[in-house]
Amino acid sequence: MNSTMRQADLPILIRPGTDGALACAVMHCLFRDGNADWDYLERYTDAPHELEQHLRSRDPEWAARITGCAAETIEEFARLVGERKCAYFGSVTASRARATARSTCMRRAGIAAVTGAWRHEGGGAFHNNGAIFHLDNSLIEGSDLRDPSIRMLDQSRIGPILAGDKDRSSADRRSPALLIQNTNPVSVAPDQETVKRGFARDDLFVCVHEQFMTDTAKVADVILPATMFVEHDDFYTAGGNQHILLGPKLVEPPGECRSTMR
């Protein structure tokens, strides 16, 4: 239990990666106990009745076996959420970095949708406030050097692009080579079967600049070692407040590690 949990009215400790199951059980209770805002659901969400039906077997006892959190604690959490219509749900970067990130974030946002929390000032769910800073990133992203004649491809469609499947995003020719930084598409990109089929091409050259041996690094032809956060100077747009923070290098990087920013 960390210092934040010690200040909480209701500390909830669960096994890593099981917050999606917790969210399902909370929504189960909200529907069961009449705390769902059906007017909001009917107006602004897709398939709310199908969601209610799907969650009928996802009760607190079911979630307790998965999360390790007592069913009574889950019931209490659901009651608090149901009684406070302007409940607000935050998120952290770590929860968005794993393979199940998309479905987990959707389930958490689903709690706010079931209660209609977005109707109320301060209510809803929050994932990232990066758009508030309006920073000029052209230098660090090299966008001012970008050649407009070179095609732009949608990273979320990397599977069809590499596999050569015909769709609106893949253009006419398959990409011959990739340099990948700061992402792990072999684990997290949509349509995983197509993604892995695309990366398995014999004529594709893949270079990955990484800190860890990710699933994408494992299929690379060349791996370049990247620095950790304490091994290069950086600045951070804080996720959750409006401060820009300086993060100076604390130690020298080992071996031939290089920052993604140079």
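Residues numbered from 1 in each chain as written. Predicted model: local features only at pLDDT ≥ 70, side-chain atom pairs only at ≥ 80, totals over all residues. Heavy atoms only, no water.

Chemist: Please set out unusual backbone geometry residue by residue, giving values where relevant.
Modeler: A positive phi angle is found at His134, which is not glycine, with a value near 50°. At Asn182, a position not held by glycine, the phi torsion is positive, near 60°. Relative to the helices and strands, Asn182 is located in the loop between strand 3 (177-181) and helix 10 (185-188). (Helix = DSSP H or I, 4+ residues; strand = E, 2+ residues; numbered from the N terminus.)

Chemist: Describe in detail the packing of aromatic side chains, supporting the description with residues and values.
Modeler: Here the distance between the centres and the angle between the planes together describe a pair of aromatic rings. If you walk through the whole model with that rule in mind, you get 2 aromatic pairs. A ring pair is formed by Phe31 and Trp38, whose centres lie 5.5 Å apart and whose planes are at 45°; its orientation type is tilted. By relative accessible area, which is 10% here, Phe31 ends up buried. A residue is classified by how much of its surface remains accessible, and Trp38, at 27% relative accessible area, is partly exposed. Here the guanidinium or amino end of Arg58 rests over the ring plane of Trp62, the centre of that ring lying 5.8 Å away. (Phe/Tyr/Trp six-rings, centres within 6.5 Å; stacked < 30°, edge-to-face > 60°. Buried < 20%, exposed > 50% of the residue type's maximum accessible area, 1.4 Å probe, protein only. Lys NZ or Arg CZ within 6 Å of the ring centre and 35° of its normal.)

Chemist: Report on the nonpolar core, specifying residues and quantitative values.
Modeler: Ranked by internal contacts, the top residues of the largest apolar core, which has 26 residues, are Val26, Ile74, Phe89, Ile111 and Val114. Among the secondary structure elements, those contributing two or more residues to this core are helix 2 (19-32), helix 6 (71-83) and helix 7 (101-115). If one sorts the elements of this core by residue count, helix 2 sits on top with 9 residues. In this view, Val114 contacts Met27, Leu30, Phe31, Asn35, Ala36, Asp37, Leu41 and Leu51; residues no more than four positions away in its chain are not counted. The next biggest cluster of nonpolar side chains, apart from the first, holds 13 residues, and it includes Leu162, Phe199, Leu204 and Ala220. (Core = buried A, V, L, I, M, F, W, Y, C linked by side-chain atoms within 4.5 Å. Contact = heavy atoms within 4.5 Å.)

Chemist: Got a sec to walk through the packing of helix 5 (residues 60-67) against helix 6? Specific residues and values, please.
Modeler: Where helix 5 contacts helix 6, the two axes come as close as 8 Å, and the packing angle between them is 120°. Looking at the two axes, helix 5 sits oblique to helix 6. Judged by the twist between their axes, the crossing of helix 5 over helix 6 is right-handed. Only Ala71, Ile74 and Glu75 of helix 6 make contact with helix 5, whose side of the interface consists of Pro60, Glu61, Ala63, Ala64 and Thr67. A breakdown of the residues in the contact of helix 5 with helix 6 according to their chemical character gives 5 nonpolar, 1 polar and 2 charged. (Axes fitted to C-alpha atoms, helices over the stretch in contact; angles between N-to-C directions. Parallel < 35°, antiparallel > 145°, perpendicular 65-115°, else oblique. Left-handed = near helix turned anticlockwise from the far one by under 90°. Nonpolar A, V, L, I, M, F, W, Y, C, P; charged D, E, K, R; others polar.)

Chemist: Please give an account of the pairing of strand 4 (residues 205-210) that cites residues and values.
Modeler: Of all 6 residues in strand 4, 5 are buried, a share of seventy percent or more. Inspection of the sheet shows strand 3 paired to strand 4 by 5 bridges, in the parallel sense. The partner of Ala177 across the bridge, within strand 4, is Phe205. Here strand 4 pairs with strand 5 (residues 222-225) via 4 bridges, running parallel. The partner of His209 across the bridge, within strand 5, is Leu224. (Pairing = 2+ DSSP bridges.)

Chemist: So what about the confidence of the model for the chain? Which residues, and what values?
Modeler: Per-residue confidence for the chain gives a mean pLDDT of 86; residues scoring 70 or more make up 89%. At the level of individual helices and strands, the chain shows its lowest average pLDDT in helix 7, which scores 76, and its highest in helix 5, which scores 97. (pLDDT = per-residue confidence, 0-100.)

Chemist: How would you summarise the pattern of salt bridges if you had to cite specific residues and measurements?
Modeler: Overall, the coordinates contain 11 salt bridges when judged by the stated rule. Across the salt bridge formed by Arg201 and Asp203, the nearest N and O atoms sit 2.9 Å from each other. Take Arg201: its relative accessible area is 11%, and that puts it in the buried class. Residue Asp203 is classed as partly exposed on the basis of its relative accessible area of 47%. (Salt bridge = Lys/Arg side-chain N within 4 Å of Asp/Glu carboxyl O.)

Chemist: Break down helix 6 for me, citing the residues and quoting the values.
Modeler: The terminal C-alpha atoms of helix 6, which comprises 13 residues, lie 18 Å apart, in line with the 18 Å expected from a rise of 1.5 Å per residue. Along helix 6, the residues classified as buried are Ala71, Ile74, Phe77, Ala78, Val81 and Gly82. Taken end-on, helix 6 shows its buried residues confined to a sector of 130°, consistent with a single buried face. (Expected span 1.5 Å × (residues − 1). Arc of directions from axis to C-beta.)

Chemist: Run through the sheet that holds strand 5, naming residues and quoting values.
Modeler: The strand order across the open sheet built from 3 strands is 3-4-5, with neighbouring strands paired in parallel fashion. The open sheet is flanked by strand 3 and strand 5, the only strands paired with a single partner. Strand after strand, the sheet turns through a mean of 15° between neighbouring axes, direction not considered.

Chemist: Describe a nonpolar patch on the surface, with residues and values.
Modeler: A surface patch of nonpolar side chains, about 510 Å² in accessible area, is lined by Leu135, Leu139, Ile140, Phe235 and Ile244. Overall, the relative accessible area of 49% leaves Ile244 in the partly exposed class. (Patch = residues over 30% accessible without salt bridge, like charges linked within 9 Å, V, L, I, M, F, W, Y side chains within 5 Å. Areas by Shrake-Rupley, 256 points an atom, 1.4 Å probe, with all protein chains shown as cover.)

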